[in-house]
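Remarks on the overall topology
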Amino acid sequence: MNKILPFTAEQVRNWTDQYPTPFYVYDEEGIRNTVSAVNKAFAWNPGFREYFAVKATPTPAILRILESMDCGADCSSVPEILLAKGSGISGKRIMFTSNETSASEYQTAREAGAIINLDDLTQVENLEKACGIPDTVCCRYNPGEFRFADNAIMGHMYDTKFGMKKEQLFEALRILSAKGASRLGIHAMLTSCSLEQEYYPALARELFGLVLEIRETLGITLSFVDMAGGIGIPYKPDQIPVDIIAAGDGVRCVYEEMLRSNGIGLPIYTEMGRFVTGPHGYLLTSVVGKKHIWKEYVGVDASPADLMRPAMYGAYHHITVSGKENSSFEETVDVVGALCENNDKFAVDRSLPHTELGDILVIHDAGAHGHAMGYNYNGRLRCAEYLMCPDGSLKMIRRAQSVQDYFSTLDIDPEFKF
Ligand SMILES: *Cc1c(COP(=O)(O)O)cnc(C)c1O
């Protein structure tokens, strides 16, 4: 089974003739179509906003596309706040969802006018000490156990470090309100990479239930509900994508039933990262070695320094051998990079068309948590990123790291010439 690419083998050859591999290509049109679908799915909700999780694809050119489509940014560090601001996203369009947060981080978030999302009850005091209590504050919830409408358990959160238990959440909201915060919201991210169609509606049921309970017990009417991210993408060709329009409609039904009927109307926020950019980023890498020992190996010029997910999580990423999409001569191989680490494998026992040196492999679904997780282990330099514009042209949006960049933080003989 294959996955369709938004570009041709001829385009790939053209690009790799001009630019050294490995590099990333992002499909602008694909990203725009997905964001349009998300906005459409929640168009029924006045004030809805997708706060794109910056950590997924922290590249300004991508963030500017999202900005132009009315997205906000979900940030968790000072550099991420700066990336958002530098891309035209500011004020309440920034959600600052951090944990183990320092005073200076709270100060920066407050100065940026961001919505601060507190991860723990103890953070209320830390926030107040750091920069005072802002008018708008969000609190992150961890229910321990997450249930479907039919009360079946969907997942456990007991070993998840994020968020507060219900009593703590209520206490945090009570204190924040008493200290003058007039616009309060709640946030929960109870899964990761879920292809479960019912995830958002089930999460909405959980959170809207809290909205009602908070009004009843604390007398506080919340101002927004943040359903965060966690919607997965079909990494494998036989997996079925989440129908976001249906998921949005599922949330609408729960909203009507639980909130509207009780006279409550509030904006819903999401913080999708993977769902928005994941399918629209590709890592292009050249075959540089073929090795036949106890197994068959295809060596490539990319490594986990460019895309860590397979090495770190054993994650599946589909691979297309460019120009050989319809080849029937298959071989079963491990696709490996140059790191001195045996987990440096983009694929294990993968059936691929017969490859030769110089073939270009396209690694799919690398648009989120891909380049972003890059690192410099083994002195590997981070690769460039390109944007494929809707007219099919390629534009560099991040140059490759140079040796000078790599040395820029080091104490080295000033006379040393690279
Ligand atoms: C990582 C993260 C997201 C995005 O997660 P995806 O799996 O990319 O959708 C959203 N919100 C928070 C707080 C996160 O940490």
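Look up a bit, the structure's there.
On a predicted model such as this, the values are computed, not experimentally measured, just so you know.

It is worth spelling out the overall build of the chain at this point. A tally of regular secondary structure across the chain gives 12 helices and 19 strands. Whereas a compact globule of 418 residues would reach a radius of gyration of roughly 22 Å, the chain reaches 23 Å, a difference of no more than 12%. Taking the principal axes of its C-alpha atoms as reference, the chain extends roughly 70 × 55 × 45 Å. Burial analysis of the chain (418 residues in total) assigns 53% to the buried set. When the accessible surface of the chain is summed, it comes to about 18,100 Å², and 50% of that surface belongs to carbon and sulfur atoms. One way to put it: in the chain the 39 positive side-chain charges average out to a point 3 Å from where the 54 negative ones average out.

Next up on the list: the packing of aromatic side chains. As enumerated under the stated definition, the model contains 18 aromatic pairs in all. Ring geometry for F7 versus Y282: centroids 5.1 Å apart, planes at 75°, classification edge-to-face. Residue F7 is found in the segment before α1 (9-18), and its partner Y282 is found in strand β12 (residues 281-292); the two are separated by 275 residues along the sequence. The exposure class of F7 is buried, given its relative accessible area of 6%.

As a further point, take the nonpolar core. I186, F208, M227 and V335 are the most contacted members of the largest nonpolar core, which has 103 residues in total. Composition of this core by domain shows at least three residues from each of domain 1 (9-25 + 279-407) and domain 2 (28-276). Beyond its immediate sequence surroundings of up to four residues, I186 is in contact with C138, C139, L169, L173, L207, L210, V211, I214, L222, F224, V225 and D226. Among the nonpolar cores identified, the runner-up in size contains 14 residues, and L5, V25, L284 and Y386 belong to it.

Now for the pairing of strand β2 (residues 49-53). Across the 5 residues that make up β2, a large majority, 5, are buried. Here β2 shows no split at all, with R49, Y51 and A53 on one side and E50 and F52 on the other all buried. Pairing of β2 with strand β11 (residues 268-270) involves 2 bridges; the strand directions are parallel. Residue pairing for β11: E50 is matched across the bridge by T270. Pairing between β2 and strand β3 (residues 72-75): 3 bridges, direction parallel. Within β3, the position partnered with A53 by the bridge is D74. As a crossover connection, the stretch from β2 through helix α3 (residues 60-68) into β3 is right-handed.

On to the pattern of salt bridges, then. In the structure shown here, the tally under the stated rule is 17 salt bridges. Between E125 and K129 there is a salt bridge, and its shortest N-O distance comes to 3.2 Å. Taken together, the residues span about one helical turn, with E125 and K129 both in helix α6 (residues 122-131) at a distance of 4 residues. On the basis of relative accessible area, E125 is assigned to the partly exposed category, the value being 49%. One connected set of salt bridges, linked through shared partners, spans K295, D334 and D349.

With that settled, consider the packing of helix α7 (residues 166-178) against helix α8 (residues 199-218). The N-to-C vectors of α7 and α8 enclose an angle of 55°; their axes lie 11 Å apart at closest approach. Comparing the axis directions of α7 and α8 gives the class oblique. Judged by the twist between their axes, the crossing of α7 over α8 is right-handed. On α8, the residues that touch K166, L169, F170, L173 and R174 of α7 are L210, E213, I214, T217 and L218.

For strand β18 (residues 384-388), the tally of buried residues reaches 5 of 5 residues, placing the bulk of the element in the interior. By the alternation rule, side chains of β18 split into A384, Y386 and M388 and E385 and L387, which are all buried. As judged from the 5 bridges shared by strand β1 (residues 23-27) and β18, these two strands associate in the parallel manner. Bridging from a neighbouring strand, F23 pairs with A384 of β18. Of the strand pairs in this sheet, β18 and strand β19 (residues 394-398) are connected by 4 bridges, and their pairing is antiparallel. In the strand pairing of β19, Y386 is matched with M396.

Residues of α1 that are buried include every one of V12, W15 and T16, and no others. One side of α1 carries all its buried residues, which in axial view fall inside an arc of 95°. Across α1 from its buried face, at more than 90 degrees, point the exposed residues E10 and D17. Residues of α1 that are buried make contact with β1, β12, β17 (360-363), β18 and β19.

Time to look at unusual backbone geometry. In this model, T21 is joined to P22 through a cis peptide bond whose omega is -5°. Among the structural elements, P22 can be located in the loop between α1 and β1. Despite not being glycine, D365 has its phi angle at roughly 55°, a positive value. Mapped onto the fold, D365 is located in the loop between β17 and β18.

Taken as a whole, helix α5 (residues 103-111) has its buried residues at E105, Y106 and A109. Down the axis of α5, the buried side of the element spans an arc of 100°, and every buried residue falls inside it. Taken together, the buried residues of α5 touch α4 (78-86), β4 (94-97), β5 (115-118) and α6. Count one or two residues on from α5 and you reach G113, which has phi positive near 75°.

Conventions adopted
Residues numbered from 1 in each chain as written. Predicted model: local features only at pLDDT ≥ 70, side-chain atom pairs only at ≥ 80, totals over all residues. Heavy atoms only, no water. Helix = DSSP H or I, 4+ residues; strand = E, 2+ residues; numbered from the N terminus. Rg over C-alpha atoms; globule rule 2.2 N^0.38 Å. Buried < 20%, exposed > 50% of the residue type's maximum accessible area, 1.4 Å probe, protein only. Areas by Shrake-Rupley, 256 points an atom, 1.4 Å probe, with all protein chains shown as cover. Lys, Arg positive; Asp, Glu negative; His and termini not counted. Charge placed at Lys NZ, Arg CZ, Asp CG, Glu CD. Phe/Tyr/Trp six-rings, centres within 6.5 Å; stacked < 30°, edge-to-face > 60°. Core = buried A, V, L, I, M, F, W, Y, C linked by side-chain atoms within 4.5 Å. Domains from an automatic or database assignment. Contact = heavy atoms within 4.5 Å. Pairing = 2+ DSSP bridges. Right-handed = clockwise from strand over helix to strand, strands pointing away. Salt bridge = Lys/Arg side-chain N within 4 Å of Asp/Glu carboxyl O. Axes fitted to C-alpha atoms, helices over the stretch in contact; angles between N-to-C directions. Parallel < 35°, antiparallel > 145°, perpendicular 65-115°, else oblique. Left-handed = near helix turned anticlockwise from the far one by under 90°. Arc of directions from axis to C-beta.

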